[in-house]
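Coordinates in review
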Amino acid sequence: MAITTGAEAPELAGFPLLGSLFDLKNDSLGTFLRARREHGDVVRITAGPPGLRTTVYGVFSAEGAQRILAGDSANFRKDNTFYQELRESFGNGLLTSQDEDYLRQRRLVQPLFTRRRVDGYAAAVAAEVGVLAGEWRDGGAETVDVLQEMARLALRAVARILFGTDVDAAVEIVESSFPELGAYVLRRGYSPVNVPRTWPTPGNRRAAAVHRALYEVCDRIIAERRESGRAPDAGDDLLTLLVGAGSAEDGGFDATELREQVLVFLLAGHETTATSLGFALHLLGRHPEAQERAREEVDRVLAGRTPGAADLDALPYVTRVLKEAMRLFPAAPVIGRRAVAATEVGGVAIPAGADVIVCPWVTHRHPDLWEDPERFDPDRFTPEAEAARPRYAWFPFGGGPRACIGQHFSMLESVIALAMLLQRHGFEAVDTEVPVTSAITLQAAGPARCRLVPREARPVG
């Protein structure tokens, strides 16, 4: 039954005709921070001209995030325009599917992401980190943009784990395709009116060409894998397992479904890890005392050897550095839903059909949850400190039944990569601040350069 007893949400002040349209377009993350600061934990934000105006309810408390993502998740669905555009571009995979489609896909994919299975990917991650470290050394790199370098590393790592030996073809097309598709999704997702995708506008034609190229390389690799049964010269890479996933009851993935899962894994599996790793390195470059503490732990635990999955528990400070980087720079800074029925959150009414966002970017900076929230402090994530906070004070991987299935893989990859890079290099930040913007994931709007300080030769890879 609809709940309508809540108070009306306060509205963020905007321009008389266009509301907060320009504020959201120019700095959506700053606008959400201002909305919470001025009006509290549930705020109504309107944007656009009369007749085409959209309204979104920002929910910024930990309790509100838990309610929307977990406690009442059935009432908050991925039915908004942005997710529809994401489906059109990247398919109906785990990130975008719902209801029976999602439940079936989750059943098929879940066995591929058990802790034991994911831990088996550690050697592939370490191999790619070794290649990158070798390129820095052999190329005489003195200064690198750590966000760009970690994007390249994370993409190669997830492509190796997904495709086995078929890495280079996939990496090349993804590097050229994903930025174009991401910008296209974003433009259409936040536009009040869109022409049909079939109309031959310049934007639609560019997006269609990118789609074809991306689909062709995925379909070719999938067809070859179905024919051969496994990757040549490789073990059980993820695509081999996806091809064989299923049972007599569930069936398996057909070619289109396989492509959709592959695209989602490539998108979600590299951008999130790249963001966490890149900002962790940049933050350590700005905080030499934390970097020295992390390096001391790495040297003491590993003594120069390559880390594996079994080492993660022995590197708690490195893990805390990554968690703090994910607090300050969550890869998914805004998470959208649409309310099915009228309800209330935090005593404020949310009408049926309303677009709702929860915002890690804001909740991770909430002064009621985090003391001096802009300060970098990995010790916020000691076991005692974590136990004292609400569950959804920190949720970089989402939460509830739609929580990221790959979060253990992301942490495994990030800890191994950060440990190995600290074995070989020191990092000194050149750019003291990195401006960011919210796209499909968090994106840097400027460089994140660090000066590399070579350490004594240690085995990497």
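This structure is a prediction, so every number in the text was calculated from the model and none was measured.

**A word on the overall build of the protein chain**
Scanning the protein chain from terminus to terminus reveals 16 helices and twelve strands. Against the compact-globule benchmark of 23 Å for 461 residues, the protein chain has a radius of gyration of 22 Å, which places it among compact chains. The proportion of buried residues among the 461 residues of the protein chain is 54%. Put simply, of all contacts in the protein chain between residues at least 6 apart along the chain, 73% involve residues at least 24 apart. Of note, the protein chain has its 52 positive side-chain charges centred 1 Å away from the centre of its 62 negative side-chain charges.

**Looking at helix H2 (residues 62-71)**
For H2, the complete set of buried residues consists of Ala62, Gly64, Ala65, Ile68 and Leu69. Along the long axis of H2, the arc covered by the buried residues comes to 160°, so they all point the same way. Away from its buried face, by an angle of more than 90 degrees, H2 presents the exposed residues Glu63 and Gly71. Among the structural elements, strand S2 (54-59), strand S3 (76-77), strand S5 (335-339), strand S6 (343-345), strand S8 (355-358) and helix H14 (360-363) are those in contact with the buried residues of H2.

**Regarding the confidence of the model for the protein chain**
Low-pLDDT portions of the prediction should not be read for the details of their coordinates. Of the residues in the protein chain, 94% reach a pLDDT of 70 or more, and the chain-wide mean stands at 89. A low-confidence stretch, residues 230-234 (pLDDT under 50), is modelled with twelve contacts involving residues beyond four sequence positions or located in other chains. Low confidence marks residues 457-461, where pLDDT is under 50. Its contacts with residues over four positions away, or in another chain, come to 15 contacts.

**A word on unusual backbone geometry**
Despite not being glycine, alanine 303 shows a phi value in the positive range, around 50°. Of note, alanine 303 is situated in the loop between helix H12 (288-302) and helix H13 (316-328). What makes alanine 303 exposed here is its relative accessible area of 65%. Of note in the backbone geometry, aspartate 372 takes a positive phi value of approximately 45° without being a glycine. Turning to its location among the elements, aspartate 372 is positioned in the loop between H14 and helix H15 (383-388).

**Thoughts on the sheet that holds strand S4 (residues 143-145)**
As summarised here, the arrangement of the three strands in space is S4-S12-S9, forming an open sheet in which the pairing is antiparallel. Of all strands in the sheet, those bounded by a partner on one side alone are S4 and strand S9 (425-429). Across the sheet, the mean angle separating the axes of adjacent strands is 40° when strand polarity is ignored. Direction of pairing for S4 relative to strand S12 (residues 449-454): antiparallel, over a ladder of three bridges. If you follow valine 144 over to S12, its bridge partner there is cysteine 450. Against the sheet, helix H7 (residues 146-163) engages S4, S9 and S12, with an angle of about 65° to S4.

**What to know about the pattern of salt bridges**
Counted according to the given criterion, the structure contains 34 salt bridges. Among the ionic pairs, glutamate 428 bridges to arginine 451, the shortest N-O distance being 3.4 Å. Of this pair, glutamate 428 sits in strand S9 while arginine 451 is found in strand S12, placing the two residues 23 residues apart along the sequence.

**Some words on the environment of leucine 369**
As for its position among the elements, leucine 369 is in the loop between H14 and H15. Taking C-alpha positions, leucine 369 is 20 Å from alanine 331, a pair spaced 38 residues apart along the chain. Contact partners of leucine 369, with chain neighbours within four places excluded, come to Ala62, Thr363, Arg389, Pro390 and Ala393.

**Things to note about the packing of aromatic side chains**
Each aromatic ring pair is specified by the distance between its two centres and by the angle formed by the two planes. Overall, the coordinates contain ten aromatic pairs when judged by the stated rule. Ring plane angle 90° and centroid distance 5.3 Å describe the contact between phenylalanine 90 and phenylalanine 178, whose orientation is recorded as edge-to-face. With phenylalanine 90 in helix H3 (residues 81-90) and phenylalanine 178 in helix H8 (residues 167-189), the pair connects residues that are 88 residues apart, well separated along the chain. Since its relative accessible area comes to 2%, phenylalanine 90 is described here as buried. Pairing tryptophan 370 with phenylalanine 381 gives two aromatic rings, centres 5.8 Å apart and planes at 40°, and the pair type is tilted. Taken together, the residues span a long stretch of sequence, with tryptophan 370 in the loop between H14 and H15 and phenylalanine 381 in the loop between H14 and H15 at a distance of eleven residues. There is no split in this pair, since tryptophan 370 and phenylalanine 381 are both buried. Counting every residue linked through ring pairs, the aromatic cluster contains Phe279, Phe329 and Trp361. When the ring centre of tryptophan 361 is taken as origin, the NZ or CZ atom of arginine 365, which lies over that ring, is 3.8 Å away. Its end group placed over the ring of tyrosine 392, arginine 391 keeps NZ or CZ at 4.4 Å from the ring centre.

**A short note on the sheet that holds S8**
With mixed pairing, the five strands of this open sheet are ordered in space as S1-S2-S8-S5-S3. Two strands bound the open sheet, and with one partner strand each, they are strand S1 (42-47) and S3. Pairing between S1 and S2: six bridges, direction antiparallel. Each bridged residue has a counterpart across the sheet, and for valine 42 the counterpart in S2 is valine 59. Strands in contact with H2 are S2, S3, S5 and S8; relative to S8, the strand with the most contacts, it is inclined by about 120°.

**Thoughts on the side chain of arginine 389**
Here arginine 389 lies in the loop between H15 and helix H16 (407-424). We note that arginine 389 is buried and unpaired, the nearest opposite charge coming from glutamate 386 at a distance of 4.9 Å. A polar contact of 2.9 Å, which involves the side chain of arginine 389, links it to the backbone oxygen of arginine 380. When near neighbours in sequence (up to four residues on either side) are disregarded, arginine 389 contacts Leu369, Trp370, Arg380 and Phe381.

Calculation rules
Residues numbered from 1 in each chain as written. Predicted model: local features only at pLDDT ≥ 70, side-chain atom pairs only at ≥ 80, totals over all residues. Heavy atoms only, no water. Helix = DSSP H or I, 4+ residues; strand = E, 2+ residues; numbered from the N terminus. Rg over C-alpha atoms; globule rule 2.2 N^0.38 Å. Buried < 20%, exposed > 50% of the residue type's maximum accessible area, 1.4 Å probe, protein only. Contact = heavy atoms within 4.5 Å. Lys, Arg positive; Asp, Glu negative; His and termini not counted. Charge placed at Lys NZ, Arg CZ, Asp CG, Glu CD. Arc of directions from axis to C-beta. pLDDT = per-residue confidence, 0-100. Pairing = 2+ DSSP bridges. Axes fitted to C-alpha atoms, helices over the stretch in contact; angles between N-to-C directions. Salt bridge = Lys/Arg side-chain N within 4 Å of Asp/Glu carboxyl O. Phe/Tyr/Trp six-rings, centres within 6.5 Å; stacked < 30°, edge-to-face > 60°. Lys NZ or Arg CZ within 6 Å of the ring centre and 35° of its normal. Polar contact = N/O pair within 3.5 Å; in protein donor to acceptor, adjacent residues only side chain to side chain.

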